[in-house]
There are 2 protein chains.
Amino acid sequence: MVKQERAAKTRSTLVLAAAEQFDRDGYAGTSLAQISKAAGISLGALTFHFSSKGDLADAVETAGRATTHDALTTLGQRACSALQQVIELTLELARLLEEEVTVRCMVRLARERQSGEQWSGMWLPPVRILLHQAYAAGQLRRNAEDVTALVEHLVAGTEMHVRERREGHRASSASTDVALELIWELVLSGVSPSNNCTGVLPQATGATD
Amino acid sequence: MVKQERAAKTRSTLVLAAAEQFDRDGYAGTSLAQISKAAGISLGALTFHFSSKGDLADAVETAGRATTHDALTTLGQRACSALQQVIELTLELARLLEEEVTVRCMVRLARERQSGEQWSGMWLPPVRILLHQAYAAGQLRRNAEDVTALVEHLVAGTEMHVRERREGHRASSASTDVALELIWELVLSGVSPSNNCTGVLPQATGATD
């Protein structure tokens, strides 16, 4: 039992160290030797637990998906309007990207390795359902699909914001969730002071309204 | 002279082939052998022109920055309102990301290698100036810095959209510039049907208004 606990602790240390390395340098840019060094665990012990870099990356992705799943499940239990739920969900995604290295790394690894479900596959379906509910409840000016596309862009922007903050490009800028909340305020009421935006856009698209 | 032209053509073929490879697999995930094979040019000829992977990556970044610079210069000559200019600029960035492999690759390489100026360093300063002009002209409901942050998020989302389309995750979705134009329509007039969004956001931030 004690031995099992120790093994579980070693695995968890390795997964966290691997997540830090993969997240910073990408899958191709990371070696097992670097992870072993960062974890303070010998390469022999590492390969006892994870036989390859791919195995370890799989474990990081599994951990990141589990953390995301738990956070979304907790959120789903709150009682507020559909549009509020979408906003809360995006702010929670911002928090996960900022604070949970396994989640941030999972997003990068799934994209680079084309391995299993992409991160957006976990939160985009509930966002779409909620936005259709919001539209039906008269909470949206535009159709739900357009707003879903906007949410995707904002979450992608949030990921970039987190990565640039971590790389020191924007040491002085607002924290990611505060930045996203300000953007939501702006987006809910609109950038233009009047609601008549004719003439501001280069040409009428009129494709989906 | 003919010899010089041939050398220039070989260099240009190598830069384009390198851009395709780096853009798809990242800096660490690409080898000179792969680039040589993709370009149909021997490894010996490749290393005659570019002595290292870093040299070739530098050449791709230089090409991507030059293309971006030219596009921004052309845009700056149009006569329209400051807010329209910002929108046109973002649509041009979307087009560059979609169509110009050296630009798309430069964005990725500068981020991965932390080499020289990031892409946003080229377009964010003019966007910020234009948005301050737009605010002064009464074209914005919120202050220019909030709108600048929104534009950064939208362009980051646009980059992600392009990459996901290229990887086949969204074969059927709208082209990137049409997607961005729809999002601008939405963002200009606002997501909420009323302009009173009190109670939709989880808490008042009131940080910058």
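Residues numbered from 1 in each chain as written. Chains lettered and ligands numbered in written order. Predicted model: local features only at pLDDT ≥ 70, side-chain atom pairs only at ≥ 80, totals over all residues. Heavy atoms only, no water.

An unreviewed UniProt entry lists chain A under the name TetR family transcriptional regulator, from Streptomyces cahuitamycinicus.

Caption draft 1: A look at the UniProt feature "DNA-binding region" (unreviewed entry) in chain A. In this numbering, the UniProt entry assigns the feature "DNA-binding region" (unreviewed entry) to residues 31-50 of chain A. From the first C-alpha to the last, residues 31-50 of chain A spans 13 Å; its make-up is 75% helix and 0% strand. (UniProt positions renumbered as here; feature names shortened; annotations may be inferred. Helix = DSSP H or I, 4+ residues; strand = E, 2+ residues; numbered from the N terminus.)

Caption draft 2: Main features of the pattern of salt bridges. All names here are of chain A. One pass over the full model with this rule turns up 30 salt bridges over all chains. We note a salt bridge from Asp58 to Arg113, for which the minimum N-O separation is 3.0 Å. Here Asp58, found in helix α4 (residues 53-75), pairs with Arg113, found in helix α6 (residues 101-113); they are 55 residues apart in sequence, far enough to count as distant. Of the residues examined, Arg113 reaches a relative accessible area of 21% and is grouped as partly exposed. Ionic pairing is found between Glu159 and Arg111, a salt bridge with its closest N-O pair at 2.7 Å. You can see Glu159 sitting in helix α8 (residues 144-166) and its partner Arg111 sitting in helix α6, a full 48 residues away along the chain. Linked through salt bridges whose partners overlap, the residues forming this network are Asp23, Arg104, Arg111, Glu159 and Arg163. (Salt bridge = Lys/Arg side-chain N within 4 Å of Asp/Glu carboxyl O. Buried < 20%, exposed > 50% of the residue type's maximum accessible area, 1.4 Å probe, protein only.)

Caption draft 3: Here's a closer look at empty space enclosed by the protein. The final tally for this structure, using the stated rule, is 1 cavity of 30 Å³ or more. Of the voids in this model, the largest cavity is the one considered here, and its volume is about 210 Å³. Among the secondary structure elements, those contributing two or more residues to the lining of the largest cavity are α6, α7 (120-136) and α8 of chain A together with α8 (144-166) of chain B. No other element matches the 5 residues that α8(A) contributes to the lining of the largest cavity. Among the residues making up the lining of the largest cavity, the classes are represented as 6 nonpolar, 5 polar and 5 charged. (1 Å grid on protein atoms, 1.4 Å probe; cavity = no way out; pocket = protein on both sides within 12 Å on 5 of 7 lines; lining within 4 Å. Points joined across faces, edges and corners; volume = space filled by probe spheres on them. Nonpolar A, V, L, I, M, F, W, Y, C, P; charged D, E, K, R; others polar.)

Caption draft 4: Inspection of helix α7 (residues 120-136) of chain B at higher detail. Residues and elements named next belong to chain B. For α7, built from 17 residues, the straight-helix expectation of 24 Å at 1.5 Å per residue is met to within 8% by its first-to-last C-alpha distance of 24 Å. Buried residues of α7: Ser120, Met122, Trp123, Leu124, Val127, Leu130, Leu131 and Ala134, and no others. Axial view of α7: buried residues confined to an arc of 155 degrees, hence all on one face. Pointing more than 90 degrees away from the buried face of α7 are the exposed residues Ile129 and Ala136. In the core, the buried residues of α7 are packed alongside α4 (53-75), α5 (82-99) and α8. Just past α7, the residue Gly138 takes up positive phi, approximately 75 degrees. (Expected span 1.5 Å × (residues − 1). Arc of directions from axis to C-beta. Contact = heavy atoms within 4.5 Å.)

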